[in-house]
Amino acid sequence: LLGFILPLCIGAFPPSVLAASEVSLEQAKWFFQHEDYEEALAILDQLRLDQPRSSEIAYYAGLTYKRLQDYVTAKTYLEAAVMLEPEIKAALPELIDVLYQTNKIEEAKRWISVAEGEQIAPAQVAFFKGLVLLKEADDLPGARAAFTRAQELDPALSASVGYYQAMVYMQEKRFSQAQKEFREIIVKDPSTSLAAFAGEYLDMLQRRQEAMQPFHANVSVALQYDDNVVLKPDNEAVAGDISDESDWRYVYASQGEYRLKTADNFGLNIGYSVYNSKQDSIGFYDALSVNLPVQPTFYFKNASLAFPINYNTVSVHGKKYEDSTGLGLVNNVMLDKDMMYQLQLQYNLKDFRWAADPEDNKDANEYSAAVGWYYFFTKDQKGFLNVRYANSYDDAKGSNWRYRGNRLTLSSVTPLAEQVKWICVGDYARQDYLNEHSVYNKQRHDDIYTVSNLFTYEFMKNIELQLQHTFMYDGASIGVYKYRKNVYSVGLKSQF
């Protein structure tokens, strides 16, 4: 009867008029147990003023602030509950948890030692010890041992222990063991939130396992409509009698890569790609491109250093048009989980086969340097924003094609739904030619704008539908090089 009447009596008086008494502390406990934390704090703050050395009041104040996720204030009160007389032993695991939540790892380890020495809540403390060692990541075997002890002392912790054991295995890169632990959690009780988290990690590990396969390839087919295949100039007077510049095009492409990782800090990628386009009517512009890249890469804690080597050959209308060989250096530096910087240096040796006039010979040594910034706005890093600036110099043998270039590119990959993503690229390139043109007797510079939007929909596993539009405009200072074009494309891509 008293248990029924007391809350009613207490509830009839506002906390502000209650005396600092045992009844008031009981009221604070009652509010705490019924998750009315603001009312509980109003009473506890008053009680602390009157009884500043009460460990029990400090304990409940610490618990209340912890439930409100004010961990800094909670830490102060829980420390008082542990250090004042009489000591509240139940406050010690709560204090360790707060220190863990606020990344006070060394303090948490000191209090864990105290709790172990006094045999306070051994199962709970062992579990927190595992969490602390897992976060610290310097003693992963110790974390596993702590979790195992926690489960032995309290079998009710088995699901939570299994989950964090799997996290330890992930840190140790023992992915098969981690998958086994996650599967057991899901099978035992699939309706829990822990099982949902385990399912997410299991999916991530399966995707990672697929990504870590040494050989990857894709093939794609597309139908394109190009409204200016021949790059007809904007100026009709310059264009003359050029007509039928638009055409449909069939595109077939394939790409493959073999990734060989010989050590944790070194890998070698060997690849190929083939691009073949066939015009429906204007056959002269049929093209075939074959690319053969090799890239050794050195990996560091938060960076990588790659040395890409590349050979490319292009044929147009069945005749070889260009061969090029490239050497480069790419340095990626992760600042944190969502930001990366990139520095790239590149040298290309280009050999063109169709130069009739020596002044139009495009054979060249091309040198370029680029800096880039990536911001990853999704946890899996599949969604990102990239800004890149490049400066180049092309020392073509023909004076009409020798230039310096500046290029700014903005690109983003945005997941719109689980199977849908949007890839947007905006590019501006400025090419300043160094010599007066031998035919048009004026200095040439090109301002080239490109905007591309690609939408992909993965309607079956590893098979996606692709819809793309690309607009290009070259505002060249010499009219014959000034043009604009649109390319519309629909295609299918399969990855394996």
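What counts, and where the lines are drawn
- Residues numbered from 1 in each chain as written.
- Predicted model: local features only at pLDDT ≥ 70, side-chain atom pairs only at ≥ 80, totals over all residues.
- Heavy atoms only, no water.
- pLDDT = per-residue confidence, 0-100.
- Helix = DSSP H or I, 4+ residues; strand = E, 2+ residues; numbered from the N terminus.
- Contact = heavy atoms within 4.5 Å.
- Expected span 1.5 Å × (residues − 1).
- Buried < 20%, exposed > 50% of the residue type's maximum accessible area, 1.4 Å probe, protein only.
- Arc of directions from axis to C-beta.
- Polar contact = N/O pair within 3.5 Å; in protein donor to acceptor, adjacent residues only side chain to side chain.
- Core = buried A, V, L, I, M, F, W, Y, C linked by side-chain atoms within 4.5 Å.
- Salt bridge = Lys/Arg side-chain N within 4 Å of Asp/Glu carboxyl O.

Focus on the confidence of the model for the protein chain
Then, in step 1: Considering every residue of the protein chain, the mean pLDDT works out to 87; 92% of them sit at 70 or more.
Then, in step 2: Predicted confidence in the protein chain is weakest over helix α1 (residues 2–11), with a mean pLDDT of 39, and strongest over strand β14 (residues 463–474), with 97.
Then, in step 3: Contacts of residues 1–23 to residues separated by more than four positions or lying in other chains number 20 contacts, the stretch itself having pLDDT below 50.

Here we look at helix α9 (residues 140–153)
Then, in step 1: Here α9 contains 14 residues, and its C-alpha end-to-end distance of 20 Å stays within 8% of the 20 Å for a straight helix at 1.5 Å per residue.
Then, in step 2: All buried positions along α9 are accounted for by L140, G142, A143, A146, F147 and A150. Down the axis of α9, the buried side of the element spans an arc of 155°, and every buried residue falls inside it.
Then, in step 3: Here α9 starts with a cap whose side-chain oxygen sits 3.0 Å from the backbone nitrogen of G142, and that cap is D139.

With respect to the nonpolar core
Then, in step 1: The biggest cluster of nonpolar side chains holds 67 residues, and the ones touching the most others in it are L44, Y59, L92, I96 and F182.
Then, in step 2: For this core, the element with the most residues is helix α8 (residues 122–136), which contributes nine residues.
Then, in step 3: Discounting residues that sit within four places of it in the chain, I96 has contacts with A108, W111, I112, A115, V125 and F128.

Describing the pattern of salt bridges
Then, in step 1: Tallying each qualifying case throughout the model produces 25 salt bridges.
Then, in step 2: Between D97 and K66 there is a salt bridge; the shortest N-O distance is 2.7 Å. Taken together, the residues span a long stretch of sequence, with D97 in helix α6 (residues 91–101) and K66 in helix α4 (residues 55–67) at a distance of 31 residues. For the pair D97 and K66, one class covers both residues: buried.
Then, in step 3: As a salt-bridge pair, K485 and D226 come within 3.0 Å of each other at their nearest N and O atoms. In this pair, K485 is assigned in strand β15 (residues 483–495) and D226 in strand β1 (residues 215–226), connecting sequence segments 259 residues apart.

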